[in-house]
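# Chains, contacts and geometry: an overview
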Amino acid sequence: MASWKYGMAGIFETEESIIKAAYKTREMGFKNFEAISPYPIHGMEEACAIKRSWIPYVTFGAALVGLFGGLALTYWTSAVDWAINVGGKPFFSLPAFIPIMFELTILFAALSSVGALFYACGMPKIDPPIIDKDLTCSKFAIFIPNDDNGYDESKISEMFRALGASEVKKAEF
Amino acid sequence: MIKRNQLVLGNKSLKQITEDIVAPLERLPSKGWLGMFLSAKALFLFYIIAIAIVVSTGMGLLGVNHPVGWGTMIITFVFWIGIGHAGTLISAVLFLFRQKWRTSVARTAEAMTVFAVMTAGLFPLMHTGRPWLDFWLFPYPNQRGPLWVNFRSPLLWDVFAVSTYATVSMVFWYIGLVPDFATIRDRAKNNIRRIVYGALSLGWRGTAKNWSHYEMLYLLLAGLSTPLVLSVHTIVSFDFAVSNLPGWHTTIFPPYFVAGAIFSGFGMVVTLMTLVRIGFPEFKDYVTIDHMEVMNKIIMTTGLMVGYAYGSEFFIAWYSGNAYERYAFINRAMGPYAWSYWIMISCNVIIPQLFWFRKFRRSIPVMFVVSIFVNIGMWFERFVITVTSLHRDFMPSNWGMYAWSRYDTAILVGSFGMFLTLFLLYLRLFPAISIAEVKPVKNVGYEGGHH
C-alpha cells in the first residue's frame, strides 16, 4: 500500500497556464512536483523535464523473449521431445514456425509493456486521494510535496497565485 | 493553407466534452436502447439454445458433410474476425499515421473489434465438434507422451494468431479506457459507481509522468497491433491457401483477405456509428458527417481493392493454364452457386461505387444501406470461397452440395445477438468516445487552434 504525500496544490483553469506554472515551479528548484491534467498536454514533458519513457526497452526485451521463446517451443516440441514425421517435412521446419514466433513476439511485447506501465505508474492504486474532482475533467494542477527542496507554504502559495491559479490549497496526493 | 474542417463541432469547453460523452452512462436508458437491448438479448438466448442443441447433438445438424466439410461455422468465423480488423485499423494504423479524426471513432471501433473477435472465436471452438476438448489446441505438457500440437499446420497458427489478437486488442482497448474511467469515477454521485469505476480506472491520476509513460505505451501498442492485425487475417487466409484445393491454393489470399477484412469492418463501423448517432444525438458533434465521409471513402477504396482481387483471381485462374483452377472459377460464376457469387460482386464491387458521389458519401440513409450491403456481401464472399471451392474439386465423383439446414441459419443469425448484446451494453457502461483523446484535438479547425 502506497503512502500518500502531503503538500501544496495549485489549481489552474487553462492548458497554457499549467505549462507556464510547470516551467516556473521547476525554475524555483522543485524536483518532485507533479503536474496533473485530464489529458496529455503537448509540451508538458519539456516543462517538467521528464525524461523519455523507458518502457520501449521493456518492449524490446520482451519481444526478443517471445521470438526466441517461440523458436525454442516449436523446435523443442517438433524436433526434440517427440519428433513426428508430418508429410515428409523436416522436423525442424523453420518457415512453418515463423507465424508462431511472430505471434508470441507480439504477445510478449504487448503484455510486458502494459506490465511496465503498471509498474511505472504504480498502478493499480487503491482509492488514491484526489486533489480536485475536476482534474480528470476540465482543470489542471501542480502539486508540490512537503519533502521537496525549499518547501515553504507561504512562498508556494504566493507563486501559484502569481501564476494565475484559481485555487491554492493544502492537499494529500 | 488549406482550412481544416472542425473535428469537434460547437466550440465546446473541456467540461462540455466530458458531459456530452458520459451523458449516456449517467441517465436512464432510453426506450429505443431498451427495445434494442431486449431484442438483442432475446436473439442471444436463442443463439445459446441453438449452440446447446448443436453441441449436444453433434455437428451433423449443420449442413457440413462430405465434400463440403467447412460450412457456416468457418464462414461466419472469418466474417466476424474480418469485422474486427477495421477497429484495429482505426485505433492503431491511423494512430501511427497521425490521423486526428480517428479519435472520435476509435473507442467504439475498438469495442467492435473486441466483441467481433469474441463472437468469432467461438466458431472454430464449436467447429471442432467436441468443444470440451478445445484445450488440446494449445501446447501443454500432457501424459500422452507428451504429444505436442502440430506447429506445421495453419490451423494451429490460427489458434496463436486469434488468441494473441483477442488478448492484445482487449488490452489496447482497456488501456485507452483507463483515464476515462478515472473521469467517470471523479464525477460519480453515488458510491457504487465510484467504487466500480474507481476499480476499473486502477487508480489513475493523470500526472505528467504518468501521461508520458502512457503515451509511450499507447504508441508501442499501436505499433505492435499494426503488424498483428495484418498477420491475423493473413494467417486466417493461410487456413485456405496452404491447402491444395483449387480456388484456395493461391498466393493472392493474404492481401486479398486483409483488404476484404478492412472493407467489411468499415462497413460494420458505419452501420453501428449511424445507429449510435441516432441513439445518442449529443455524439453528432463528435462523430460528424466528415468522419462518416472519410470512412465511406475507405469503404470505397477497399471495395475497389477487393474488386481488383476478384478480377485478378479470375485472370490468374485462366492464365495459369491449370484446368482445375479454371474450372473452380468458372464454376463460381456460372455453377450451382453462381447466385452467391453474384450477390458478392453486386454488394462488394458495384454498390459501393455510389460513394464516388459526395452527396451519397455524406447521406446517412445512403451510407447505412450501403454498409448493410457490404456486410451481406462480405459474408457471401466467405461463403463463395469456402463452399464453392469445396463442393466441386478434382473428381466429379467427389462433387456435392452444401446441405444448408435451419441450424446453420440459427447459428449465423444468433451470432448477431451475441455481438449486439455486448455492443449495446458497452454503449451504456463505457464512454463510447475517448474523452482524454478528444480533448487535445478539440481546437482543430478553429481560429487560433494549434497543430
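This one's a predicted model, so the numbers in the text were calculated from it and none came from an experiment.

### Focus on the overall build of chain A
On a plain count of helices and strands, chain A comes out with five helices and four strands. Ordered by position from N to C terminus, the α and β elements of chain A give β-α-β-α-α-α-β-α-β. The C-alpha atoms of chain A give a radius of gyration of 25 Å, which is well past the 16 Å a tight globule of 173 residues would have. Projected onto its principal axes, the C-alpha coordinates of chain A cover approximately 80 × 30 × 30 Å. A total of 173 residues make up chain A; the buried ones form 41% of that total. Counting only contacts in chain A whose residues sit at least 6 apart along the sequence, the fraction spanning at least 24 positions is 81%.

### Here we look at the overall build of chain B
The number of helices and strands found in chain B is 15 helices and zero strands. Here the C-alpha atoms of chain B give a radius of gyration of 23 Å, agreeing with the 22 Å that 2.2 N^0.38 yields for 451 residues. Expressed along its principal axes, the backbone C-alpha trace of chain B runs to roughly 70 × 55 × 40 Å. Counting over 451 residues, chain B shows a buried share of 49%. Here the contacts in chain B between residues at least 6 apart in sequence split such that 82% fall between residues at least 24 apart.

### A look at the nonpolar core
In this structure, A141 of chain A together with I81, M112 and V269 of chain B are the most contacted members of the largest nonpolar core, which totals 181 residues. Sorting elements by how many residues they give to this core places helix α7 (residues 208–241) of chain B first, with 17 residues. Both of domain 1 (6–52 + 127–172) and domain 2 (55–120) of chain A provide at least three residues apiece to this core. With near-sequence residues (within four places) excluded, A141 of chain A lies in contact with A9, G10, I11, F12, I36, I131, D132 and L135 of chain A.

### Some words on the domain arrangement of chain A
Its domain assignment divides chain A into domain 1 (6–52 + 127–172) and domain 2 (55–120). Distance between the C-alpha centres of domain 1 of chain A and domain 2 of chain A: 44 Å.

### Let's talk about the interface of chain B and chain A
Listed by partner, the interface residues are 49 residues for chain B and 52 residues for chain A. Looking at which element gives the most residues to the side of chain B that touches chain A, the answer is α7 of chain B, with 16 residues. Here the side of chain B that touches chain A is built from residues that sort into 26 nonpolar, 15 polar and eight charged.

### A few points about the packing of helix α3 (residues 72–96) of chain B against helix α4 (residues 102–127) of chain B
Residue and element names in this part refer to chain B. The N-to-C vectors of α3 and α4 enclose an angle of 155 degrees; their axes lie 7 Å apart at closest approach. Taken as axis vectors, α3 and α4 run roughly antiparallel relative to one another. α4 is crossed by α3, and the crossing has left-handed handedness. Within the contact of α3 with α4, the residues separate by chemical class into 20 nonpolar, eight polar and two charged.

### A word on unusual backbone geometry
Of the consecutive residues M123 of chain A and P124 of chain A, the connecting peptide bond is found in the cis state with omega at -5 degrees. The residue after G145 of chain B, namely P146 of chain B, is reached through a cis peptide bond having omega 0 degrees. Looking at the element boundaries, P146 of chain B is found in the loop between α4 and α5 (154–187). You will see that D127 of chain A, though not glycine, has its phi angle at about 50 degrees, which is positive. Within the fold, D127 of chain A resides in the loop between α4 (94–120) and β3 (140–145). Using a count of 11 C-beta atoms within 10 Å as the deciding quantity, one classes D127 of chain A as exposed. Phi is positive for L202 of chain B, which is not a glycine, with a value near 60 degrees. Tracing the sequence through the fold places L202 of chain B in the loop between α6 (191–200) and α7.

### Let's talk about helix α1 (residues 14–26) of chain B
Count 3.6 residues to each turn of an α-helix, and residues three or four apart come out pointing the same way. Residues and elements named next belong to chain B. With 13 residues, α1 should reach 18 Å at 1.5 Å per residue; the first-to-last C-alpha distance of 18 Å fits that figure. Along α1, the sharpest kink reaches roughly 30 degrees, centred on D20 and followed within four residues by the proline P24. Of the surrounding secondary structure, the elements contacted by the buried residues of α1 are α5, α14 (406–429) and α15 (435–438).

### Description of the pairing of strand β1 (residues 6–12) of chain A
Residue and element names in this part refer to chain A. Across the seven residues that make up β1, a large majority, six, are buried. Across six bridges, the pairing between β1 and strand β4 (residues 167–172) is antiparallel. When the sheet's bridge partners are listed, M8 is paired in β4 with K170. By the bridge criterion, six bridges tie β1 to β3 in an arrangement that is antiparallel. Residue M8 lies in a different strand from β3, and its bridge partner there is I144.

### Topic: the sheet that holds β1 of chain A
Residue and element names in this part refer to chain A. Judged by pairing direction, the sheet is antiparallel, and its four strands sit side by side in the order β2-β3-β1-β4 without closing on themselves. Looking at strand neighbours, the two that pair on one side only are β2 (34–36) and β4, the edges of this open sheet. Between one strand and the next, the sheet's axes are offset by a mean angle of 25 degrees, whatever the strand orientation. Relative to β3, helix α1 (residues 15–27) is tilted by about 20 degrees, and along the sheet it contacts β1, β2 and β3.

### Thoughts on the packing of α3 of chain B against α14 of chain B
Residue and element names in this part refer to chain B. At a minimum axis distance of 10 Å, the contact between α3 and α14 shows a crossing angle of 15 degrees. In terms of their interaxial angle, α3 and α14 are classed as roughly parallel. Where α3 crosses over α14, the two elements pack in a sense that is right-handed. Between α3 and α14, the residues in contact are T72, M73, T76 and W80 and D408, I411, L412 and S415, respectively. Residues that form the contact of α3 with α14 fall into these classes: four nonpolar, three polar and one charged.

### A word on the environment of F77 of chain B
Residue and element names in this part refer to chain B. Position of F77 among the secondary structure elements: in helix α3. A count of 27 C-beta atoms within 10 Å places F77 in the buried class. Considered as a pair, F77 and Y426 are 349 residues apart in the sequence and their alpha carbons are 22 Å apart. Discounting residues that sit within four places of it in the chain, F77 has contacts with A120, F123 and P124.

Reading the values: rules and limits
- Residues numbered from 1 in each chain as written.
- Chains lettered and ligands numbered in written order.
- Predicted model: local features only at pLDDT ≥ 70, side-chain atom pairs only at ≥ 80, totals over all residues.
- Helix = DSSP H or I, 4+ residues; strand = E, 2+ residues; numbered from the N terminus.
- Rg over C-alpha atoms; globule rule 2.2 N^0.38 Å.
- Buried ≥ 20, exposed ≤ 12 C-beta atoms within 10 Å, placed from the backbone.
- Contact = placed C-beta atoms within 7 Å.
- Core = buried A, V, L, I, M, F, W, Y, C linked by C-beta atoms within 7 Å.
- Domains from an automatic or database assignment.
- Nonpolar A, V, L, I, M, F, W, Y, C, P; charged D, E, K, R; others polar.
- Axes fitted to C-alpha atoms, helices over the stretch in contact; angles between N-to-C directions.
- Parallel < 35°, antiparallel > 145°, perpendicular 65-115°, else oblique.
- Left-handed = near helix turned anticlockwise from the far one by under 90°.
- Expected span 1.5 Å × (residues − 1).
- Bend = angle between axes of the 7 residues up to and from the residue.
- Pairing = 2+ DSSP bridges.

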